[in-house]
Number of protein chains: 2
Amino acid sequence: MEKIPIIDTFPNLFIDIPCLLRDMRAVIPFKKSNAKSRLSSLLTDKEREDFALAMLSDVAGTLVDSGCFDVVDILTTSLIDQDGANIVLTEMGLNEALNEYLKKMSSHSLNEPVLIIMADIPLVTIKNIRDLTASQAEVVIVPGRMGGTNAIFIRDPSSFHVDYYGASFLKHRDIALNNGLIVEVFDSFYISTDIDETADLVEVLLHGTGQAEGYLKTLGFVIEESRGRVGVKRN
Amino acid sequence: MEKIPIIDTFPNLFIDIPCLLRDMRAVIPFKKSNAKSRLSSLLTDKEREDFALAMLSDVAGTLVDSGCFDVVDILTTSLIDQDGANIVLTEMGLNEALNEYLKKMSSHSLNEPVLIIMADIPLVTIKNIRDLTASQAEVVIVPGRMGGTNAIFIRDPSSFHVDYYGASFLKHRDIALNNGLIVEVFDSFYISTDIDETADLVEVLLHGTGQAEGYLKTLGFVIEESRGRVGVKRN
């Protein structure tokens, strides 16, 4: 890959200033049916759905509590209930649904900034949300592991489209740069940690403080150490 | 695990202020022989050593360039050469060597703050170092994945000892809290990303800008996408 200049850091001038006066939207794409299939060796279908809903609650709750958004939308394929969030039903795939959403936003007279954030990152904090939306960049990408994009903040939805799957981090960076937009890469372990596999449950138990962590404990999951390696077991 | 109150965020009052006037030490433990054994299916012994040295260079260079430290020490089991760093030979294991180091520091009249940072986190940035050493907490822990401690900043070396391996994140948190110290957990994807396995090379190629990334490219490593999953291959 050729190195393209990326603005990697901006002074976080607005840290710890609540963003109550800001007009921004957040959207969380969510799919309940057959959620988190890579956890099926450990969790029943029903438990996987409930765990996915608990993670969604953690993310949506953090967005609402951050005070940064006038609307928090959940783009979902089936009806769910989530305090403080607006449910938007869709039957489209991830990219189509989100690009349609961005298009709708950009046709509003406001053309508000939009934060797209994944539903399976229960460690995300209010500080994360305030810091990343306080960036002065035009597009803020928060990488997931293995080339993913776990959150992306788009100041002008009319100037951007998403392209998830594969190395979406690179794709989103290139889409922004090709449109002449200033890009910031936002550095967060908490947001980078999407929960897909058994090993990821370690991170929820170690660093979580919300419903996802509580639900795993209720199911009997605990941290287990064996020969210096850390894992989980279910009691 | 019982929840213990942790101070999770501090306003980063000193962001982007160089720390040239500060008296702090940094120490990087390093072991060259049979380095990075979990990469042996992809790299020869010599390549693994050279890759480990490239990662060490990235970390040591970032520490030196941060301007935060009067001394950058490399605690190593064999003689190596590293610009700007001071080589301290030891035959002890990780915990013993570092605890002896902390003891020596605390017997100095200065008792300077010490940053212990791992040699295999080539994505660490100058901003990371400045932000974490600007914390007002007494101990700043930067978690690695799976319960690790990839960096730890200790304001008063006489009040702390390290205990690596296993869930060292929990152990270090508890050591600090048991000593009545204020703990901050510092959130960084870049520092959390220690490079041990083949999959980790993806992160170096995607996010790296230093010697480790350059060395992998020289060896012919590139990002490969297959059915929406991201990996590496060697040409």
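Above: the structure in question.
Just so you know, these numbers come straight off a predicted model, no measurement behind them. (Residues numbered from 1 in each chain as written. Chains lettered and ligands numbered in written order. Predicted model: local features only at pLDDT ≥ 70, side-chain atom pairs only at ≥ 80, totals over all residues. Heavy atoms only, no water.)

### Section: the packing of helix α1 (residues 45-66) of chain A against helix α3 (residues 126-133) of chain A
Residue and element names in this part refer to chain A. Running from N to C, α1 and α3 point in directions that differ by 60 degrees, and their axes come no closer than 9 Å. Classified by the angle their axes make, α1 and α3 are oblique. In the crossing of α1 with α3, the sense of the turn from one axis to the other is right-handed. Contacts between α1 and α3 involve Thr62, Leu63, Asp65 and Ser66 from the former and Ile126, Ile129 and Arg130 from the latter. Here the contact of α1 with α3 is composed, by residue class, of 3 nonpolar, 2 polar and 2 charged. (Axes fitted to C-alpha atoms, helices over the stretch in contact; angles between N-to-C directions. Helix = DSSP H or I, 4+ residues; strand = E, 2+ residues; numbered from the N terminus. Parallel < 35°, antiparallel > 145°, perpendicular 65-115°, else oblique. Left-handed = near helix turned anticlockwise from the far one by under 90°. Contact = heavy atoms within 4.5 Å. Nonpolar A, V, L, I, M, F, W, Y, C, P; charged D, E, K, R; others polar.)

### Some words on the pattern of salt bridges
This model, assessed by the stated rule, comprises 26 salt bridges over all chains. In this structure, the salt-bridge partner of Arg25 of chain B is Glu112 of chain B, at a minimum N-O distance of 3.2 Å. Taken together, the residues Arg25 of chain B in strand β1 (residues 25-30) and Glu112 of chain B in the loop between α2 (94-107) and β4 (114-117) connect sequence positions 87 residues apart. Close ionic contact of Asp200 of chain B with Arg145 of chain B constitutes a salt bridge, the shortest N to O distance being 3.1 Å. Within this pair, whereas Asp200 of chain B is found in helix α6 (residues 198-207), its partner Arg145 of chain B is found in the loop between β5 (139-143) and β6 (149-154), the two being separated by 55 residues in sequence. For the pair Asp200 of chain B and Arg145 of chain B, a shared accessibility class is recorded, and that class is buried. Overlapping salt bridges bring together Arg25, Asp73 and Glu112 of chain A as one network. (Salt bridge = Lys/Arg side-chain N within 4 Å of Asp/Glu carboxyl O. Buried < 20%, exposed > 50% of the residue type's maximum accessible area, 1.4 Å probe, protein only.)

### A closer look at the pairing of strand β8 (residues 221-226) of chain B
All names here are of chain B. Direction of pairing for β8 relative to strand β9 (residues 229-234): antiparallel, over a ladder of 6 bridges. In the strand pairing of β9, Ile223 is matched with Val232. Where β8 folds back on β9, the antiparallel hairpin that results is connected by 2 residues, among which Arg227 adopts a positive phi of roughly 50 degrees. (Pairing = 2+ DSSP bridges.)

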